Amino acid sequence: RRYQNANLSFLKMYISAGESMSGLVTEEFRNFLASHKSSAQVYRLYGRTESLSAICYNPPEFNNDRIIGIPLPGVNMKVMNRSTGTEMPVGEKGEICINYSGNMNGYFKNPEITSELMMTLADGKKWLFTGDYGREDENGVFTFEGHSKKVVDMGDVHVYPEIIENEIKNIFGVDECCVVPVGDVGSRSLTAIVVPIEEYITDNDK
């Protein structure tokens, strides 16, 4: 509320880094800027804290919400199969891995977790396994497919609640949404907890 009547015309650029900024959040933020007299361009960068949060750049002209972009200079990225330690063919899904000078050396006094994320592969380089799934196309552009730790096993299908949440948030009148798994593996279902926008519902609906 403190920014309700703020004039942000002075703001010329906004840069997000770290976890991939979803298309829905990006659009909401652009609308917020426009309603506060700012024409600032929104630039989305991708990375992890363990790799300084900015290793991949998504140019606005790509205009694709699933794209996280192209690696910054000096950054090596590839899509790997963690279980086999092999690189995935172009266009196939796997775990996004990073190798460059900005990667951490390891977690303090926690070699077990460090060894899960930092691996030296056949090329002799030490790679950071991000836990994020993605694909690389023939032009070296990376697409984000979801978080390995935010996936629900529905038997033969792996479901990413984040994708469902974004779709529900696109429904007129929805403010926030959280999708959670219910039940055990084999009989598991998903439940959506939805917060409506207050002024769009009647007293009876409440």
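Everything in this summary refers to the structure shown in the same document. The structure displayed is predicted, hence computed values, not measured ones.

Rules used in this analysis
- Residues numbered from 1 in each chain as written.
- Predicted model: local features only at pLDDT ≥ 70, side-chain atom pairs only at ≥ 80, totals over all residues.
- Heavy atoms only, no water.
- Helix = DSSP H or I, 4+ residues; strand = E, 2+ residues; numbered from the N terminus.
- Buried < 20%, exposed > 50% of the residue type's maximum accessible area, 1.4 Å probe, protein only.
- Contact = heavy atoms within 4.5 Å.
- Core = buried A, V, L, I, M, F, W, Y, C linked by side-chain atoms within 4.5 Å.
- Pairing = 2+ DSSP bridges.
- Arc of directions from axis to C-beta.
- Salt bridge = Lys/Arg side-chain N within 4 Å of Asp/Glu carboxyl O.
- Phe/Tyr/Trp six-rings, centres within 6.5 Å; stacked < 30°, edge-to-face > 60°.

### Details of the overall build of the chain
Each helix and strand in the chain was counted, giving three helices and 14 strands. Dimensions of the chain, computed from the C-alpha atoms along their principal axes, are close to 60 × 50 × 40 Å. Sorting the 206 residues of the chain into buried and exposed places 35% on the buried side. A separation threshold of at least 6 residues defines the contact pool for the chain, and within that pool the share at least 24 residues apart is 48%.

### A short note on the nonpolar core
Tyr46, Ile55, Cys56, Ile68, Val75, Met77 and Ile98 are the most contacted members of the largest nonpolar core, which totals 17 residues. Listed in part, the five residues of the second largest apolar core include Met80, Cys97, Leu121 and Trp127.

### As for the pairing of strand E9 (residues 126-136)
Two elements, strand E7 (residues 94-99) and E9, share four bridges in a ladder whose sense is antiparallel. In the sheet register, glycine 94 faces E9, and the bridge partner there is glycine 134. Taken together, the three bridges between strand E8 (residues 118-120) and E9 define a ladder with antiparallel strand orientation. Residue pairing across strands places methionine 119 opposite tryptophan 127, the latter belonging to E9. In this structure, the hairpin formed by E8 and E9 is closed by a connection of five residues, where glycine 124 is found at a positive phi of approximately 85°. With five bridges joining them, E9 and strand E10 (residues 142-147) adopt antiparallel strand pairing. The residue bridging glycine 134 from the neighbouring strand is phenylalanine 144, located in E10.

### Let's talk about helix H3 (residues 161-169)
Along H3, the positions that sit buried rather than exposed are Pro161, Glu165, Asn166 and Ile168. Buried residues in H3, looked at end-on, bunch into an arc of 165°, giving them a common side.

### Looking at the environment of glutamate 92
Relative to the elements of secondary structure, glutamate 92 occurs in the loop between strand E6 (86-87) and E7. Overall, glutamate 92 belongs to the partly exposed group, its relative accessible area being 40%. Considering only alpha carbons, one finds glutamate 92 and leucine 11, 81 residues apart in sequence, at a separation of 39 Å. Contact partners of glutamate 92, with chain neighbours within four places excluded, come to Val79, Gly134 and Arg135.

### Some points on the pattern of salt bridges
Considering all chains together, one arrives at five salt bridges under this definition. Residue glutamate 50 pairs with arginine 48 through a salt bridge whose shortest N-O separation is 3.1 Å. A salt bridge links arginine 135 to glutamate 145; the nearest nitrogen and oxygen atoms lie 3.0 Å apart. Taken as a pair, arginine 135 in strand E9 and glutamate 145 in strand E10 lie far apart in primary sequence, ten residues in all. Arginine 135 gets classed as partly exposed once you look at its relative accessible area, which sits at 30%.

### Some details on the packing of aromatic side chains
Here the distance between the centres and the angle between the planes together describe a pair of aromatic rings. Enumeration over the complete set of coordinates arrives at three aromatic pairs. Ring plane angle 20° and centroid distance 6.3 Å describe the contact between phenylalanine 29 and phenylalanine 32, whose orientation is recorded as stacked. Placement of both phenylalanine 29 and phenylalanine 32 in helix H1 (residues 23-35) is noted, with a separation of three residues, approximately one turn of the helix. Its relative accessible area of 30% is what places phenylalanine 32 among the partly exposed residues. Plain terms: the ring middles of tyrosine 43 and tyrosine 57 are 6.3 Å apart, the flat faces sit at 25° to each other, and that makes the pair stacked. Taken together, the positions of tyrosine 43 in strand E2 (residues 41-46) and tyrosine 57 in strand E3 (residues 56-58) put the pair 14 residues apart, joining distant regions of the chain. One aromatic cluster is present, formed by Tyr14, Phe29 and Phe32 through successive ring pairs.

Purely geometric numbers; function is a separate question.
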